[in-house]
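# An overview of the molecular structure
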Amino acid sequence: MSQTAVIHEQQAVPQPKQHGKPGGFLAQANIFTGLIGGVVTAGVTYFIGDKLVPWGTQNADFSQVGLNALVFCTFVAWVIGFMVGIGAFAGPIRWALGHDLTHDDAEYMAGKGQGRMKYWKYTTDHKVVGIQYLVMALVLFGFGGFFAMLIRTELGVTWREVFDPNFYNSLIGTHGIVMIIAMIIVVAGPLGNFIMPLMIGARDMAFPRLNALSFWLLFAAVPPLVLNLVLGGMRDGWTAYQPLGTQAPIGMIGYQVCIITFAFSTGIAGVNLITTIVTMRARGMTWARTPIFIIGTLAAAIMGLIWFPMFQYAQLLAASDKVIGTSFYIPQNGGSVWLYENLFWLLGHPEVYVIVVPATAGILELMVVFLRKPLFSYKMAVAGFAGVVGISAVVWVHHMYMTGFAPQAGYPFMLSTELISIPFGFLVLVMLGTMWRGKAWNRLPMMIVYAVIFDKIIGGITGVYLSDVPVDQYMHGSMFVVAHFHYMLMGAGLFGAMAVIVYWFPKMTGRMFDERIGKIGFWTAFLAFQVTFLSMFVAGLQGMPRRVLQFDNAFEISNWISTIGAYFIGIGMLIFLYAVITSWRNGKVAPSNPWGSKTLEWQTQTPVPLENFPVLPVVTSDPYGYGVPDPYLKVEEQLDKDDNETVGAR
């Protein structure tokens, strides 16, 4: 008997004509051509605009006529010039010319064969973009943390002016918005891009070129923000309330251009994340089998996509008032400051959840690994995330109790703000339930989880108080509020981000994290954090207002303690950063799955190959089956038993 095997070879996919070398213009473009493009375009724009400005002519407020427009156009020119130089428009131009991408072009854009240079280019590989986001977040935290040290230095002494009051106010505003941007991207950027596609079994993001576009737009948005410090600053905090923003120096324009550009970045990233999660999950990965980190990432992306445009609209209208003289926010000309405050806080409060939710989801993901237990009540966790997304739409007015806006809305919004503690309570219960009777493997990520739960309880309880109209009337604008939101953003958000970055560090870098040095850094920062912000709670309860340069002697001790604590936070963070850098450069080579996790990102090799998986995986169960007997083991045992009986019978 003979058998004939028919081999069906895959037909080659027809390719468009290759024009020039693979990559085209992108082969020549990198961050340096981007910087040159941005600086030259901005310089030419300023030079031309300078000829058009009627120097010496003043507006009614004694400001130079045309100066705001000149600065605005220069910043916009920087952004456009940088994006041209980095190669962001190469794809649309090729498409317009009819030069479609070939397979070789796509591989070049993904960074194939470019070594470390791919990290400095407009690279489409999701893993490269994830690393770019991680480095960018660390740089922003460096800036924001340095500004925080300067602020605490000023507040460490009473009745002395270490800095000029206007510069000090600008430091507060710049510190706030830099840290907000860093917190928004620190989990969703690195892990949403690097880990998420691996975790769902995909080869890349749904829109790889948009992925690169979102990162480089973020990069281009930062210089105008930092330059505000040398252009008179933004002196009314990161909220930039109107009409104070319109009356501010030209440094405010840097803030506005930054937010407008950053909103495009987050919008593009949000669409990409949502599309990838919804359409590219591996075969068999139903929603019930989708890892909880993916659910949390999806929830944060939805909130960012809905609410961040509100912040963008707020700054677009503010820039219009400042640059071309409209009056959206100028009451004497028919404008309304309520419009700004509503647009701002429509993002301003949900942004807290955009920051905390991905970190919380990442923590839930690592807890099941280090406790070797299934996630307690997966459905409750999903309900918690869904509840946060839904109720986040109706909480913004609690920031405006004291402004006089719609007093009759105070109590309904007090109720809605308190209600959001319920879905967050679900998530805390899932954490505690997963820990219950678990045998913890206390590596550094798990230790940080304990710290995050502690901080989240303090931040959550104090937040319930502040959502109450009567309490807020006393606490509003005080250091108590500052301490509360630092417990949520830093204590839960940033420390949570540190936990998940350490957890996925081996997969992202191919090296094991130095936990000995990391523990020293983390626990130093955590204990100093308690010293800093518990003391700040005391100052707030004593009645100390926030955003002040000088203060009464009654607050001197608590501020002195907070400043000492802040310095130690800085020391702890520097030690932790040292652990990140040395581990990345010289750490022990990581195996593919050092934690024994069951999720897909750990099932492929490390370093992760360009297309992630040699064969796309098929999912047959949920990823949290720790402690559950392997069903195939029983089948194999039965087969072995049958074989033995057959042999014995013969």
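The structure we're discussing is the one just above.
Residues numbered from 1 in each chain as written. Predicted model: local features only at pLDDT ≥ 70, side-chain atom pairs only at ≥ 80, totals over all residues. Heavy atoms only, no water.

### Some remarks on the side chain of Gln530
Heads up, the condition is: Only DSSP runs of H or I reaching four residues or more are called helices, and only runs of E reaching two or more are called strands; each is numbered from the N terminus. Any two residues having at least one pair of non-hydrogen atoms within 4.5 Å are treated as being in contact.
Looking at the element boundaries, Gln530 is found in helix 20 (residues 515-542). In contact with Gln530, other than residues within four places in its own chain, are Phe454, Asp455, Tyr487 and Ser535.

### Describing unusual backbone geometry
Trans peptide bonds make up most of the peptide bonds, and negative phi angles are found at most residues other than glycine. Formally: Only protein chains enter the calculation, and the probe is 1.4 Å; a residue is then buried if its accessible area is under 20% of its type maximum, exposed if over 50%, and partly exposed in between.
The omega angle of the peptide bond from Gln242 to Pro243 is 5°, so this bond is cis rather than trans. Tracing the backbone through its elements, the reader meets Pro243 in the loop between helix 8 (208-227) and helix 9 (244-247). Between Thr606 and the following residue, Pro607, the backbone shows a cis peptide bond with an omega angle of -5°. Looking at where Pro607 falls in the secondary structure, it is placed in the loop between helix 21 (556-586) and helix 22 (631-649). Phi is positive for Arg437, close to 60°, though the residue is something other than glycine. Counting through the fold element by element, Arg437 comes out in the loop between helix 16 (421-435) and helix 17 (444-467). Judged by its relative accessible area of 75%, Arg437 is exposed.

### Describing the nonpolar core
Short version of the rule: Side-chain atoms within 4.5 Å link the members of a nonpolar core, which is a set of buried Ala, Val, Leu, Ile, Met, Phe, Trp, Tyr and Cys residues.
Grouped together as the largest cluster of nonpolar side chains are 196 residues, with contacts concentrated most on Tyr255 and Trp504. Here the element with the most residues in this core is helix 19 (residues 479-509); it accounts for 21 residues. Apart from the residues lying within four places of it in its own chain, the contact partners of Tyr255 are Ile177, Pro224, Leu225, Met234, Trp238, Thr239, Ala240, Phe311, Gln315, Tyr340 and Phe344.

### Side note on helix 10 (residues 251-279)
Where we set the bar: The length a helix should cover is 1.5 Å for every residue beyond the first.
An ideal rise of 1.5 Å per residue puts 42 Å on 29 residues; helix 10 measures up with 43 Å between its terminal C-alpha atoms. Burial runs high along helix 10: 23 of the 29 residues are buried.

### Some words on the packing of aromatic side chains
Defined as follows: Note on aromatic pairs: the rings of Phe, Tyr and Trp (six-membered ring only in Trp) are paired at centre separations within 6.5 Å, and the planes decide the class, stacked below 30 degrees, edge-to-face beyond 60, tilted for the rest.
Within this structure, the stated rule accounts for 44 aromatic pairs. Between Tyr241 and Phe344 the ring centres are 6.5 Å apart and the planes differ by 70°, which places this aromatic pair in the edge-to-face class. With a gap of 103 residues between them, Tyr241 in the loop between helix 8 and helix 9 and Phe344 in helix 12 (residues 337-348) connect regions that are remote in the sequence. For Tyr241, a relative accessible area of 22% gives the class partly exposed. Exposure remark for Phe344: the relative accessible area of 0% places this residue in the buried category. Plain terms: the ring middles of Trp338 and Phe405 are 5.4 Å apart, the flat faces sit at 45° to each other, and that makes the pair tilted. Residue Trp338 is located in helix 12, and its partner Phe405 is located in the loop between helix 14 (378-391) and helix 15 (410-419); the two are separated by 67 residues in the primary sequence. Residue class for Trp338 comes out partly exposed when judged on its relative accessible area of 31%. By relative accessible area, which is 23% here, Phe405 ends up partly exposed.

### Quick look at the packing of helix 6 (residues 165-188) against helix 19
As a reminder of what qualifies: Only the stretch in contact is used when a helix axis is fitted, and all axes are lines through C-alpha atoms; the angle between N-to-C directions ranges over 0 to 180 degrees. Angular relationships are summarised with four words: roughly parallel below 35 degrees, roughly antiparallel beyond 145, roughly perpendicular across 65 to 115, and oblique for the angles in between. Helix crossings are classified by the rotation of the near helix relative to the far one: an anticlockwise turn of less than a right angle makes the crossing left-handed, while a clockwise turn makes it right-handed. Residue classes follow a fixed rule: Ala, Val, Leu, Ile, Met, Phe, Trp, Tyr, Cys and Pro count as nonpolar, while Asp, Glu, Lys and Arg count as charged, and any other residue, Gly among them, counts as polar.
Packing of helix 6 against helix 19 leaves a shortest axis separation of 10 Å and a crossing angle of 40°. If you check the angle between helix 6 and helix 19, you find them oblique. Considering how the two elements wind past one another, helix 6 and helix 19 form a crossing that is left-handed. Contact with helix 6, carried on its side by His175, Ile180, Met183, Val186 and Val187, involves His486, Leu489, Gly493, Leu494, Ala497, Val500 and Ile501 of helix 19 and no other residues of that element. Class assignment of the residues belonging to the contact of helix 6 with helix 19 gives a composition of nine nonpolar, three polar and no charged.

### Some thoughts on the packing of helix 2 (residues 67-86) against helix 8
Relative orientation of the contacting elements helix 2 and helix 8 amounts to 145°, with a least axis distance of 10 Å. As for how helix 2 packs across helix 8, the hand of that crossing is right-handed. Contact with helix 2, carried on its side by Phe75, Trp78, Val79, Phe82, Met83 and Ile86, involves Leu213, Trp216, Leu217, Phe219, Ala220, Pro223, Pro224 and Leu227 of helix 8 and no other residues of that element. Residues belonging to the contact of helix 2 with helix 8 are distributed by class as follows: 14 nonpolar, no polar and no charged.

### Brief notes about the side chain of Lys127
With respect to the element layout, Lys127 can be found in helix 5 (residues 126-155). In this structure Lys127 comes out as buried when scored by relative accessible area, which is 6%. With sequence-adjacent residues up to four places away left out, Lys127 is seen in contact with Phe194, Val608, Pro609, Leu610 and Asn612.

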